[in-house]
Amino acid sequence: MVRDQDTVSKQKWSALLLMYGGWLTGILGVAQPSSIEIQQSSFLVFGHKVTLNCRVSRFYPWNASVLWFHRGTPVSPGSITENITMNDDGTFSLLSQYKFSPTVKDNNAECVCQASHPAWTETKRTSIAVSVRYGPIVNVTSNLEAVTNGSGRVTCGSTLNLMCAADGNPKPMTHWLGESIEGAHYEETLHIPAVQREHEGLYWCVAKNMYGEQNTSITLLVSCSDGNINTDGNKTVCGLALIPFAWVTGIVICLLKKGRRKNSALAGQATVVYAEVKNQEEVLPAAESRVRQ
């Protein structure tokens, strides 16, 4: 602990002791502090050094001491400086300064300033709950049974809830970005009532406040079987099944048409042969009659 006693000059102390020392001791005797309070010099921001001031006012004699406690633990004397001044009425005031760099754990933590003196009947103390400003800390949870290395597996048709929990001071704003999300989803929970194949992919939870931005991701793996393929998928499968059927049908129709054309050609040839034979039968009797004549 460092005491700055230069503010009360040696000359003043000598004069006081010679002129008023006995009188002050006899008149004042012991004076308890009139007040003790803690003030912080500025906002507490994560990672930025700050000073807490503890002022102990109007006590006597001068040799009071101050201890600091941070989250219940005594503070090292190397982090504390003190300054004692003499008031017009012969009492003293002490300013103790505690300098430290706050962490996230220090948010809402208690810092205590405790003043004591061998001649006082009781110890004086005061405390303050510090508020530390810090950027977002993001954590993603879900109703999936297991998430390994940032990936979670889910089956088609099942319900999915992805929760984005963001801690920060002030409270961060959160939103979701992902494969099947158009734009951004500005709610902490991303709800998908019936997961389908197109929902597979990477999803990001983004949190932001005035002290920073952070994001974390989860990869969704979707497993679909024949029993849980969606309606559109069934239509697609049916369509694919109709393709070979239509192809076979077309071949059969072509073969039938070729057979009909072939039968028509044969029928035409038979008609020509029949006509020729009939003509020959008609010609032969006529020739025979001419020969007889």
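Going by the structure above, here's the rest.
All residue numbers here refer to positions counted from 1 along the written sequence of the relevant chain. With pLDDT at 70 or above as the cut-off, local features in this predicted model cover only qualifying residues; side-chain atom pairs require 80 or more to be listed or tallied, and sums for whole chains, interfaces and linings still use all residues. For the side-chain quantities, the full set of heavy atoms in the structure was used; hydrogens and water were omitted.

**Some details on the overall build of the protein chain**
Put simply, DSSP H or I for four residues or longer makes a helix, DSSP E for two residues or longer makes a strand, and each gets a number counted from the N terminus. A tally of helices and strands in the protein chain yields 3 helices and 18 strands. Throughout, exposure labels follow a simple rule: accessible area from a 1.4 Å probe, protein chains only, divided by the maximum for the residue type, with under 20% read as buried, over 50% as exposed, and the rest as partly exposed. A burial count over the protein chain gives 30% of its 293 residues as buried. Relative to all contacts within the protein chain whose residues are 6 or more apart in sequence, the contacts with residues 24 or more apart total 66%. Accessible surface area values rest on a Shrake-Rupley calculation with a 1.4 Å probe, where residue burial reflects the displayed protein chains alone. Summing over all exposed atoms, the protein chain offers an accessible surface of approximately 18800 Å²; the carbon and sulfur share of this is 56%. Any two residues having at least one pair of non-hydrogen atoms within 4.5 Å are treated as being in contact.

**Some thoughts on the side chain of His 117**
Examined against the element boundaries, His 117 turns out to sit in the loop between strand S9 (110–116) and strand S10 (124–129). Judged by its relative accessible area of 10%, His 117 falls in the buried class. A distance of 2.6 Å separates polar atoms of two side chains, one belonging to His 117 and the other to Asn 63. The term polar contact refers here to a pair of N or O atoms within 3.5 Å; inside protein, the definition further demands a hydrogen-donor-capable atom paired with an acceptor-capable atom, and it admits residues adjacent in sequence only when both atoms are side-chain atoms. Side-chain polar atoms of His 117 contact the backbone nitrogen of Ala 119, separated by 2.9 Å. With residues up to four places along the chain from it excluded, the contact list for His 117 reads Pro 61, Asn 63 and Ala 64.

**Regarding the nonpolar core**
What is meant by a nonpolar core is a set of buried Ala, Val, Leu, Ile, Met, Phe, Trp, Tyr and Cys residues, joined one to another through side-chain atoms within 4.5 Å. Among the nonpolar cores identified, the biggest contains 28 residues, and Leu 52, Val 56, Trp 68 and Val 130 are the most heavily contacted of them. Only strand S2 (35–40), strand S4 (50–59), strand S5 (65–70), strand S7 (80–86), strand S8 (92–100) and S9 provide two or more residues apiece to this core. With 5 residues, S4 is the largest single contributor of residues to this core. If near-sequence neighbours (up to four positions away) are discounted, Val 130 is found in contact with Gln 40, Leu 44, Leu 52, Asp 106, Asn 107, Asn 108, Ala 109 and Cys 111.

**What about the state of the cysteines?**
Two cysteine sulfur atoms form a disulfide, by the criterion used here, when they sit within 2.5 Å. As enumerated under the stated definition, the model contains 3 disulfides in all. In this model, Cys 54 is linked to Cys 113 through a disulfide, with the two sulfur atoms separated by 1.9 Å. Looking down the S-S bond of the Cys 54 and Cys 113 bridge, the torsion is -80°, so its handedness is left-handed. Of this pair, Cys 54 sits in strand S4 while Cys 113 is found in strand S9, placing the two residues 59 residues apart along the sequence. Cys 113 matches Cys 54 in its accessibility class, with the two residues each being buried. The disulfide partner of Cys 164 is Cys 205, and the S-S distance across this bridge is 1.5 Å. Of the two residues, Cys 164 is situated in strand S14 (residues 160–169) and Cys 205 in strand S17 (residues 201–209); the sequence distance between them amounts to 41 residues. Take Cys 164: its relative accessible area is 2%, and that puts it in the buried class. Among the residues examined, Cys 205 registers a relative accessible area of 0% and is labelled buried.

**What to know about the pattern of salt bridges**
The term salt bridge refers to a pairing of a side-chain nitrogen on Lys or Arg with a carboxyl oxygen on Asp or Glu at a separation within 4 Å. Inspection of every chain in the model, using the stated rule, returns 4 salt bridges. Lys 124 is the partner of Glu 122 in a salt bridge, and the nearest nitrogen-oxygen pair spans 2.9 Å. Linking Lys 171 and Glu 188 is a salt bridge whose minimum nitrogen-to-oxygen distance equals 3.6 Å. Note that Lys 171 is positioned in the loop between S14 and strand S15 (173–178) and Glu 188 in the loop between S15 and strand S16 (189–192), a separation of 17 residues in sequence. By relative accessible area, which is 59% here, Lys 171 ends up exposed.

**Digging into the sheet that holds S16**
When DSSP finds two or more bridges between a pair of strands, those strands are recorded as paired. Spatially, S3-S11-S14-S16 is the arrangement adopted by the 4 strands of the open sheet, whose pairing is mixed. Looking at which strands have only one partner, the edges of the open sheet turn out to be strand S3 (44–45) and S16.

**Observations concerning unusual backbone geometry**
Residue Pro 61 is bonded to the preceding Tyr 60 through a cis peptide linkage, with omega at -5°. By the secondary structure assignment, Pro 61 is in the loop between S4 and S5. The residue after Asn 169, namely Pro 170, is reached through a cis peptide bond having omega 5°. Positioned with a positive phi, Arg 58 is a non-glycine residue whose angle comes to about 55°. Along the chain, the position of Arg 58 falls in strand S4. Non-glycine residue Asn 108 carries a positive phi angle of around 70°. Judged by its relative accessible area of 60%, Asn 108 falls in the exposed class.

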